[in-house]
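Residues per chain, in single letters:
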Amino acid sequence: MKNKQILFLFFVIFNFINSNISFSSQKLIEEGIFDKNLSLVIARTTVLDMNSCDIDDERASNISKVLKGNSVVSQAYFSYNKIGNKGIKELGEAFETLPKLSQIYLYGNRFDNAGAINLFLSLKKVKGLSILDIRNNLFNEDVLPLLADLLKENPKLELYTSFSNFKQMFNI
């Protein structure tokens, strides 16, 4: 237990000293101390690396609550998790409130059309978004018109989807 406390204390001190920290939560999750100290962990993190952290809807909901209004997060990595419709909806709502957010990576999660619709509607409000990776999720081509609208509103958005002919389908 002492090692866990030392690891967390070191992380918190380093985080407050360096506001440009790139944080990966995987080690803290493995040690069982991430969820208990979520607000401290995310408070000044600019690059939030949550890839492969076994994040489900419940954990995504908790992260969303802490993320809302964060003034420093610019990149959010949530790939290779288990985020479903409820979790992606709540993350999308949190993303709306992040003024510096420019990159979102959601590769390989579990949200389908319902989750994708909520996400795309939320992302319309993220004005500085430059990269979005939504490959290998469970939504299908029925939601692509909403995604096309998002891309038309933000033509500089670098978009990664599982639909190789997406831009040709919508003349983008």
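A few points on the structure. (Residues numbered from 1 in each chain as written. Predicted model: local features only at pLDDT ≥ 70, side-chain atom pairs only at ≥ 80, totals over all residues. Heavy atoms only, no water.)

1. Quick notes on the overall build of the chain
Stage number 1. The helix and strand tally for the chain stands at 8 helices and 6 strands.
Stage number 2. Moving toward the C terminus, one meets the helices and strands of the chain in the order α-β-α-α-β-α-β-α-β-α-β-α-β-α.
Stage number 3. A separation threshold of at least 6 residues defines the contact pool for the chain, and within that pool the share at least 24 residues apart is 78%.
Stage number 4. With the model as given, the accessible surface of the chain reaches about 8600 Å², and the carbon-plus-sulfur share is 51%. (Helix = DSSP H or I, 4+ residues; strand = E, 2+ residues; numbered from the N terminus. Contact = heavy atoms within 4.5 Å. Areas by Shrake-Rupley, 256 points an atom, 1.4 Å probe, with all protein chains shown as cover.)

2. Observations concerning the packing of helix α4 (residues 57-67) against helix α5 (residues 85-95)
Stage number 1. α5 packs onto α4 with a crossing angle of 10 degrees between their chain directions and a minimal axis gap of 8 Å. Comparing their axes, α5 and α4 come out roughly parallel. Mapping the contact onto sequence places Asp57, Ala60, Ser61, Ile63, Ser64 and Leu67 in α4 and Asn85, Lys86, Gly87, Glu90, Leu91, Ala94 and Phe95 in α5. (Axes fitted to C-alpha atoms, helices over the stretch in contact; angles between N-to-C directions. Parallel < 35°, antiparallel > 145°, perpendicular 65-115°, else oblique.)

3. A look at the environment of Leu121
Stage number 1. For Leu121, the position within the fold is in helix α6 (residues 113-123).
Stage number 2. Here Leu121 falls in the partly exposed class, since its relative accessible area comes to 42%.
Stage number 3. With 28 residues separating them along the chain, Leu121 and Glu93 place their C-alpha atoms 9.2 Å apart. (Buried < 20%, exposed > 50% of the residue type's maximum accessible area, 1.4 Å probe, protein only.)

4. Digging into helix α7 (residues 144-153)
The periodicity of an α-helix, 3.6 residues per turn, causes residues three or four places apart in sequence to face the same way.
Stage number 1. Turning to α7, its buried residues number three or more, namely Leu144, Leu147, Ala148, Leu150 and Leu151. Seen end-on, α7 carries its buried residues on one side only, within an arc spanning 160 degrees. When the buried face of α7 is taken as reference, the exposed residues oriented beyond 90 degrees from it are Lys152 and Glu153.
Stage number 2. The inward-facing, buried residues of α7 abut α6, β5 (131-133), β6 (158-160) and α8 (166-169). (Arc of directions from axis to C-beta.)

5. A closer look at the packing of aromatic side chains
Stage number 1. Enumeration according to the criterion identifies 7 aromatic pairs in this entry.
Stage number 2. Between the aromatic rings of Phe78 and Phe95, the centroid separation amounts to 6.2 Å while the plane-to-plane angle is 55 degrees, which identifies the pairing as tilted. Residue Phe78 is found in the loop between β3 (75-77) and α5, and its partner Phe95 is found in helix α5; the two are separated by 17 residues along the sequence.
Stage number 3. Among the residues examined, Phe78 registers a relative accessible area of 0% and is labelled buried.
Stage number 4. Relative to Phe139, the ring of Phe120 lies with its centre 5.9 Å away and its plane at 85 degrees, an arrangement referred to as edge-to-face. Of this pair, Phe120 sits in helix α6 while Phe139 sits in the loop between β5 and α7, placing them 19 residues apart in sequence. Each member of the pair Phe120 and Phe139 is classed as buried.
Stage number 5. One aromatic cluster is present, built from ring pairs that chain together Phe111, Phe120, Phe139 and Phe163. (Phe/Tyr/Trp six-rings, centres within 6.5 Å; stacked < 30°, edge-to-face > 60°.)

6. Some thoughts on the nonpolar core
Stage number 1. Within the largest apolar cluster, 40 residues are counted, with the highest numbers of intra-cluster contacts made by Leu67, Phe78 and Phe95.
Stage number 2. When contributions to this core are tallied by element, the ones reaching two or more residues are α4, α5, α6 and α7.
Stage number 3. No other element matches α7, which puts 5 residues into this core.
Stage number 4. In contact with Phe95, other than residues within four places in its own chain, are Leu67, Ala76, Phe78, Leu101, Ile104, Leu119, Leu123 and Val126. (Core = buried A, V, L, I, M, F, W, Y, C linked by side-chain atoms within 4.5 Å.)

7. Side note on the side chain of Asp133
Stage number 1. Among the secondary structure elements, Asp133 is positioned in strand β5.
Stage number 2. Of note is the side chain of Asp133, whose polar atom sits 2.6 Å from the side chain of Arg135.
Stage number 3. In contact with Asp133, other than residues within four places in its own chain, are Ile104, Tyr105, Leu106, Tyr107 and Tyr160. (Polar contact = N/O pair within 3.5 Å; in protein donor to acceptor, adjacent residues only side chain to side chain.)

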